[in-house]
Amino acid sequence: MAQGISRRQFIAASALATTALSDASSSQAMTRGPTAVLTEETFAQGAWCHWLDDRAPDVATGVTWGMPWPRSKHSPRTSFSLRDREGKPVPLQTWPLAYWPDGSLKWTAHAVAPDVTLASTAFQVEPGQKGPAPAATLKIKQDAGAIEIDTGVITCRVLRHSAVCIESIRRGDKELLAGGRLVALRQNAPLEEADSTVKVETFESLVESAEIEHQGPLRAVIKITGVHARPKGRRWLPFTLRLYFYAGGDDVRVVHTFVFDGEESRDFIRGLGLRFDVPLSEALHNRHVRFVGENDGVFGEAVRGLTGLRRDPGIEARQAQIAGREVKSIGPRVAEGLELIPAFGDWTLLQPTADSFQIRKRTAAGYAWLDSSRGGRASGLGYLGGPSGGVAFGIRNFWESHPAQLDIRKARTERAEVTMWLWAPDAPPMDLRFYHDGLGQDTHEKQLQGLNITYEDYEPGFGTPVGVARTSEMRLWLLEATPARERLVQLAAAVRAPAAMVAVPQTLHRAGVFGGTFALPDRSNAKQARLEEQLDFLFDFYEKQRDQHSWCGFWNYGDVMHTYDADRHTWRYDVGGYAWDNSELSTDIWLWLYFLRTGRADVYRFAEAMTRHTGEVDVHHLGKFAPLGSRHNVMHWGCSAKQLRISTALNRRYYYFLTADERVGDLLREQLEAARTLRAVVPERKLPEAQDRVVESADGDYARLGFGTDWGSIAGAWLTEWERTGSREMRDRLVASMRSIGSQPRGFFTGGGRMNLRTGAFDISNDRALNVSHLSAAFGLPEVCAELIELLKIPEFERAWVEYCMLYNAPPEQQKAVLGESLGELNLGQGHSRLTAYAARIKRDPALAKRAWEEFYAGRAGFAPDQRFETRRIAGPAVMNAVDEAAWVSTNTAAQWGLAAIECLAFTVDLG
């Protein structure tokens, strides 16, 4: 694979990025000095990263990101430094993320503290020298009972074994937060059955362990694990809480994961969140409450208001209270009667749906609520405190992951209580029951009939939510005074779209990572320019569909729908296997490859949300189906087909290497032994041939895997672990698998076999029958094979895979000449054109490259060659809300078309 990029490619890909960098800095140049110009030579030779949004963030927070490196370029002992675009050195923390087979660095992770120069939009990572010493470093102390982290601005004390996760956070000598704990409310019946027998129970966190997961001078991560419990009572809902700290920072990033392990028919979660206390000492009129609504809207009041009274406290008092400053003097007639002014101790911001929120307040429990404000989509940031300090707190994707809620309670007392509800208790309880009763599908024959009608693989007991998880992100700022309203808007923006550093597309491409499956956009001729426009159209279409069809909600956000219903002008949200996509046909991989080549911030955040969702909600993390995923369905966990192709590490590894995210690292490692579950759970349960399969003994060392969706997925997990750790065991499994697949009598056309779970080797089949499926290469197999062939020189495997790539779409006479018979009518011809393109690259064959493009444009089982990439507006009364419809789009086709376009461009770039 060519490691460099042509001048033509560079200019086409970087012109807009360079302009954006220059434009983003132009407003700062007058006050922050001249800005260096980033030239073609600069990007072409250096390893560059930049702020995702091509502008410096308004709120300084520490960030972590991954940088790729070409093979054999840097040893693990290499030091790295960081310079901004003006050449100023920036303190940097570095650690390895992945290695090439020769032991050289493939990916490194880097962290910078909040005091990194915000004037710059782009930075260069340079090897061979250490950067300057940071102005402040993290200090961590620990003992058997607690861990204490000092950023230089705040000090946080985490307890190792307690109902409290965060004992306290101090800024200087002032305690601003105390008693941080998780809380869950359980209701024993659904809303429609609510009566006098309904019981609501409160569970709080029980910390089982707290450890320093990552530690360095600039960044530290504390991992807390435990369960939700009642005193001497039930323990359930296991959780993982990660706290992120950066040197010099006044904030804490919180990543919260929980796994559902209840019984869906009687365990209805009424509320789920993070609660903490806020010590308050100021006078009630100096205690400030703030919520940020939509855009730059801010709700700001005091616990005891001084405005609008019959008697005037004075203009200075009124202005100070509204601004959040200390009220130093009050007119005597008001001062004498302060205790007569109602003080409001309880406040709530509730976002029950994607499009509406409400703010209410009351004086105390037992008294009426007053409606205070309302709006559409709240930012999810609140604040409680006074002139001497307070806490700003926010939930990311607040309205997108509704129902969400922010509560302030007891603000009239010396110890107020704040709860960030990830699931709002003022909304209906969480209902995880299956959506239908089976309609008499009590036999395999009936279930198969149902599959043929609604495309739903259904069997009682399989559509369970047991083991599904959800990861959410929150942030806390410990502030020395009540912020100005403009600053609160900036903090809210930092919650909604946290600052992110990413490697620029040129650096990612030049490093040769991910098997060369993407090239930089090139619009230098009409045909390629049209393809780029169509790729842009497809992403923009899905982003708009998410909003128009409200693909939102706590369990839904991040996923897209599978198939459209042109009669109702909506996606088939209620039709069996046509509803939620659940990664079907590699939607995740399409989006990540599209991001890698474009660097678009909106694509990154869309793909990030999908990675969070599909890795957590669509996968069983405990129980009998763990760690398999569920095929597409009305309920994310509803399909009875539990499969590796959904839980596959291949969908997660892009985000991991770009971000070094610890939770996604957990998910990748979770898949290492996933094939063992296939001893008891047959993936293709409804297929007639699957009924005759003998399931291996649960304690045996063998399982039956298909070479496509099954082995491709497990190979992706082994590959990632080998890259991350250098594990000899994982490498040996890959080698044994690859050699035994390559030695099969029909190679990949053998279809699958019995694999030794310890060694990774497949039994060599005695059957020479051809076994091929259009789905084998639709779930990441082409992408992982491209990497494996580059990393491990196994000639028989490369030969078998290239043969498969050449023959799948080949004319019947060519198939017969090689295989002795043709493969018959196969599906997804357009998507498989990228396999032909890959064979062309390996064989350096322009004729194969030409055939690949012919297959792509033929549009077999894809988008037709004359398809116009456009939408039409459908308005009322045909629909409730106007939508932009493209009934010709299905997610299967979009994902495979997108992958084929991206990879055909990458593999044939130098073949004419």
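Here is a short report on the structure shown in this document. (Residues numbered from 1 in each chain as written. Predicted model: local features only at pLDDT ≥ 70, side-chain atom pairs only at ≥ 80, totals over all residues. Heavy atoms only, no water.)

## Here's the deal with the state of the cysteines
The line we're drawing: Here, a disulfide means two cysteine sulfur atoms that sit within 2.5 Å of each other. Working definition: with a 1.4 Å probe on protein chains only, accessible area under 20% of the residue-type maximum means buried, over 50% means exposed, and in between means partly exposed.
Applying the stated criterion across every chain yields a total of 0 disulfides. Free of any disulfide, Cys805 has its nearest neighbouring cysteine sulfur in Cys785, separated by 7.3 Å. Since its relative accessible area comes to 1%, Cys805 is described here as buried. The thiol sulfur of Cys904 is not disulfide-bonded, and the nearest other cysteine sulfur, from Cys805, lies at 11 Å.

## Concerning the environment of Val418
We count it as follows: Helix numbers and strand numbers start at the N terminus; a helix is a DSSP run of H or I with at least 4 residues, a strand a run of E with at least 2.
Position of Val418 among the secondary structure elements: in strand β26 (residues 415-423). Sequence spacing of Val418 and Pro795 is 377 residues, and the spatial spacing of their C-alpha atoms is 61 Å.

## Things to note about the sheet that holds strand β3 (residues 80-84)
We count it as follows: When DSSP finds two or more bridges between a pair of strands, those strands are recorded as paired.
With antiparallel pairing, 5 strands are arranged side by side in an open sheet as β4-β3-β7-β1-β28. Among the strands making up the open sheet, the edge pair consists of β4 (89-90) and β28 (501-503). Across 5 bridges, β3 lies against strand β7 (residues 122-127) in antiparallel orientation. Residue pairing in the sheet places Leu82 in a bridge with Val125 of β7.

## Observations concerning the packing of helix α10 (residues 601-616) against helix α13 (residues 662-670)
Quick note on the threshold: Structural elements are reduced to axes, namely lines fitted to C-alpha atoms, with helices fitted over the stretch in contact, and the angle between N-to-C directions of any two is expressed from 0 to 180 degrees. For this classification, under 35 degrees means roughly parallel, over 145 means roughly antiparallel, 65 to 115 means roughly perpendicular, and everything else is oblique. Note on convention: near helix rotated counterclockwise from far helix by under a right angle means a left-handed crossing. Clockwise means right-handed. Between two residues, a contact is recorded if the distance between any of their heavy atoms is within 4.5 Å. The classification used treats Ala, Val, Leu, Ile, Met, Phe, Trp, Tyr, Cys and Pro as nonpolar, Asp, Glu, Lys and Arg as charged, and all other residues, Gly among them, as polar.
For the pair α10 and α13, interaxial distance at closest approach is 11 Å and the crossing angle is 40°. Classified by the angle between their axes, α10 and α13 sit oblique to one another. The handedness of the crossing between α10 and α13 comes out as left-handed. Residues Thr611, Arg612, Gly615 and Glu616 of α10 touch α13, and the partners they reach there are Arg663, Val664 and Leu667. Looking at the contact of α10 with α13 residue by residue, the class counts come to 2 nonpolar, 2 polar and 3 charged.

## Examining unusual backbone geometry
For the peptide bond that leads from His402 to Pro403, omega is 0°, which places it in the cis range. Non-glycine residue Leu439 carries a positive phi angle of around 50°. Position of Leu439 among the secondary structure elements: in the loop between β26 and α5 (444-454).

## Some details on the pairing of strand β17 (residues 268-279)
With 10 of its 12 residues buried, β17 lies for the most part within the structure. Examined bridge by bridge, strand β12 (residues 174-187) and β17 share 8 bridges and lie antiparallel to one another. The residue bridging Ala184 from the neighbouring strand is Leu272, located in β17. Two elements, β17 and β26, share 8 bridges in a ladder whose sense is antiparallel. When the sheet's bridge partners are listed, Asp277 is paired in β26 with Glu417.

## Focus on the sheet that holds strand β2 (residues 63-68)
On the basis of which strands lie adjacent, the open sheet formed by 3 strands has the order β2-β6-β5 and antiparallel pairing. The sheet is open, and its two borders are formed by β2 and β5 (93-99), each paired with just one other strand. Across the sheet, the mean angle separating the axes of adjacent strands is 25° when strand polarity is ignored. Contacts from helix α14 (residues 709-725) reach β5 and β6 (105-112) within the one sheet, and its direction differs from that of β5 by about 135°.

## Comments concerning the pattern of salt bridges
The following threshold applies: Put simply, a salt bridge is a Lys or Arg side-chain nitrogen that is within 4 Å of an Asp or Glu carboxyl oxygen.
In this structure the tally under the stated criterion is 65 salt bridges. For Glu263, the salt bridge is made with Arg266, and the minimal N-O distance between the two is 3.2 Å. Classification of Glu263 as partly exposed rests on a relative accessible area of 37%. A residue is classified by how much of its surface remains accessible, and Arg266, at 37% relative accessible area, is partly exposed. Its salt-bridge partner being Asp732, residue Arg728 comes within 3.4 Å of it at the nearest N-O pair. Taken together, the residues span about one helical turn, with Arg728 and Asp732 both in helix α15 (residues 728-742) at a distance of 4 residues. Salt bridges sharing common partners tie together Arg186, Lys199, Glu201, Arg234, Glu263, Arg266 and Asp267.

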